[in-house]
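# A look at the structure
Chain by chain, the residues:
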Amino acid sequence: GIQVEQSPPDLILQEGANSTLRCNFSDSVNNLQWFHQNPWGQLINLFYIPSGTKQNGRLSATTVATERYSLLYISSSQTTDSGVYFCAVAKATGANNLFFGTGTRLTVIP
Amino acid sequence: EAQVTQNPRYLITVTGKKLTVTCSQNMNHEYMSWYRQDPGLGLRQIYYSMNVEVTDKGDVPEGYKVSRKEKRNFPLILESPSPNQTSLYFCASSFRREPLHFGNGTRLTVT
């Protein structure tokens, strides 16, 4: 399967700070998604982004498929951003055989 | 409301007692899948289905069965649960080339 490495593994931020989370993957992909797992365990899809850049409010993501990495930017962080952020990739355009990284645990302190 | 519904949310059972975790989606998605989440191992795919009557193994299928008789339902069956299947389970669904939607999870404990 595809190896997915996320960094950093843990991140602690003051409220209002900005952060960048990175996802490196070992093979070409046609499906890349970012998820947020909140402290209650719910997994929420943030972006479907096999290539290019997308923005959604304070969050944005960029995937450079040719260089096998993706970045998730969080600006003006809030305590509700706390949780674990996962990157997941697949060779297929569909979500079959989607491989997850082990996540970045973000803690935002007031 | 568009959603993926899993039941039950919590389940405690004993070794060898057959159980089923149900999953239903109301978005007419072709694709459905099951994952397990374990500390330090992240999420790993158990089985997936590309459409009705089409299922395939993921990374960790041993000890599990699935069926896809209807488009909206994708139950996960543990014929003879063992303690190493204690985990947090998630069902998910999507259209091709679109974001994956997860259910709220089922925490299973096998004693």
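Our subject is the structure listed above.
Definitions and cut-offs
Each chain has its residues counted from 1, running along the sequence as written. Both sets of labels track the order of writing: A upward for chains, 1 upward for ligands. Local features in a predicted model are, by the rule used here, given only for residues with pLDDT of at least 70; side-chain atom pairs are given and counted only at 80 or more, and totals for whole chains, interfaces and linings are based on all residues. Hydrogen atoms and water are omitted, and side-chain values are computed over all heavy atoms in the structure. Strand pairing is defined by DSSP finding a minimum of two bridges between the two strands. Note on conventions: DSSP H or I runs of at least 4 residues are helices, E runs of at least 2 residues are strands, and numbering of each starts at the N terminus. In this analysis, axes come from line fits to C-alpha atoms, helices being fitted only over the stretch in contact, and the angle between any two N-to-C directions falls in the range 0 to 180 degrees. Only heavy atoms enter the contact rule, under which two residues are in contact if any of them lie within 4.5 Å. A simple way to read buried area is as the amount of 1.4 Å-probe accessible surface that goes missing from two parts once joined, with both sides added. When a carboxyl oxygen of Asp or Glu lies within 4 Å of a side-chain nitrogen of Lys or Arg, that pair is called a salt bridge. Polar contact is the term for a pair of N or O atoms within 3.5 Å; when the atoms are in protein, one must be able to donate a hydrogen and the other to accept it, and sequence-neighboring residues count only if both atoms are side-chain atoms. For the purposes of this analysis, a disulfide is any pair of cysteine sulfur atoms at a distance within 2.5 Å. Think of it in three bands: with a 1.4 Å probe and only protein chains considered, a residue is buried below 20% of the maximum accessible area for its type, exposed above 50%, and partly exposed in between. Side-chain atoms within 4.5 Å link the members of a nonpolar core, which is a set of buried Ala, Val, Leu, Ile, Met, Phe, Trp, Tyr and Cys residues.

## Some remarks on the sheet that holds strand S3 (residues 19-25) of chain A
All names here are of chain A. Taken together, the 5 strands give an open sheet; going across it, the order is S1-S3-S8-S7-S6, and neighbouring strands pair in antiparallel fashion. In this open sheet, the two strands that pair with only one neighbour each are strand S1 (4-7) and strand S6 (52-56). Sheet twist, expressed as the mean angle between neighbouring strand axes with direction ignored, is 15°.

## Concerning the interface of chain A and chain B
Taken together, the contact pairs 18 residues of chain A with 19 residues of chain B. Ranking the residues of chain A by area buried against chain B places Leu 43, Thr 93 and Phe 100 of chain A at the top, with a combined share of 29%. For the pair chain A and chain B, the number of links is 0 salt bridges. Our count for the chain A to chain B interface comes out at 4 residue pairs in polar contact (both at pLDDT 80 or more). When residues of the side of chain A that touches chain B are traced back to their parent elements, those giving at least two are strand S4 (31-37), strand S5 (43-48) and strand S10 (99-100) of chain A.

## Looking at the state of the cysteines
One covalent bond between the sulfur atoms of two cysteine residues makes up a disulfide. A full pass over the atoms with the stated rule returns 2 disulfides over all chains. Each sulfur of the disulfide joining Cys 23 of chain A and Cys 87 of chain A lies 2.0 Å from the other. Disulfide Cys 23 of chain A to Cys 87 of chain A: torsion about the S-S bond roughly -60°, handedness left-handed. Placement of Cys 23 of chain A in strand S3 and of Cys 87 of chain A in strand S9 (residues 83-90) is noted, with a sequence separation of 64 residues between them. Exposure remark for Cys 23 of chain A: the relative accessible area of 0% places this residue in the buried category. Residue classification places Cys 87 of chain A among the buried positions, given a relative accessible area of 0%. The side chain of Cys 23 of chain B participates in a disulfide bridge whose partner is Cys 91 of chain B; the two sulfur atoms lie 1.8 Å from each other. Here the disulfide of Cys 23 of chain B and Cys 91 of chain B is left-handed, its torsion about the S-S bond being about -75°. Taken together, the residues Cys 23 of chain B in strand S3 (residues 19-25) and Cys 91 of chain B in strand S9 (residues 87-94) connect sequence positions 68 residues apart. Of the residues examined, Cys 23 of chain B reaches a relative accessible area of 3% and is grouped as buried. On the basis of relative accessible area, Cys 91 of chain B is assigned to the buried category, the value being 0%.

## Here's the deal with the nonpolar core
Within the largest apolar cluster, 23 residues are counted, with the highest numbers of intra-cluster contacts made by Trp 34, Leu 72 and Val 89 of chain A. Counting only elements with at least two residues in this core, the list comes to strand S2 (10-14), S3, S4, S5, strand S7 (59-64), strand S8 (69-74), S9 and strand S11 (104-109) of chain A. With 19 residues, the next largest nonpolar core counts Val 21, Met 32, Tyr 89 and Cys 91 of chain B among its residues.

## Quick word on the pattern of salt bridges
Within this structure, the stated rule accounts for 5 salt bridges over all chains. Close ionic contact of Arg 58 of chain A with Asp 81 of chain A constitutes a salt bridge, the shortest N to O distance being 2.8 Å. Here Asp 81 of chain A lies in the loop between S8 and S9 and Arg 58 of chain A lies in the loop between S6 and S7, a separation of 23 residues in the sequence. When the shortest N-O distance is used, the salt bridge between Arg 44 of chain B and Asp 38 of chain B registers 2.8 Å. Residue classification places Arg 44 of chain B among the partly exposed positions, given a relative accessible area of 23%. Residue Asp 38 of chain B is classed as buried on the basis of its relative accessible area of 11%. Several salt bridges share partner residues, and in doing so they unite Arg 36, Asp 38 and Arg 44 of chain B into one network.

## Digging into the environment of His 36 of chain A
Residue and element names in this part refer to chain A. Looking at the element boundaries, His 36 is found in strand S4. Exposure remark for His 36: the relative accessible area of 10% places this residue in the buried category. Taking C-alpha positions, His 36 is 9.9 Å from Leu 106, a pair spaced 70 residues apart along the chain. Discounting chain neighbours no more than four positions away, the residues touching His 36 are Gln 42, Leu 43, Ile 44, Leu 46, Thr 80, Asp 81, Ser 82, Gly 83, Val 84 and Tyr 85.

Worth remembering: the numbers are spatial, not functional.
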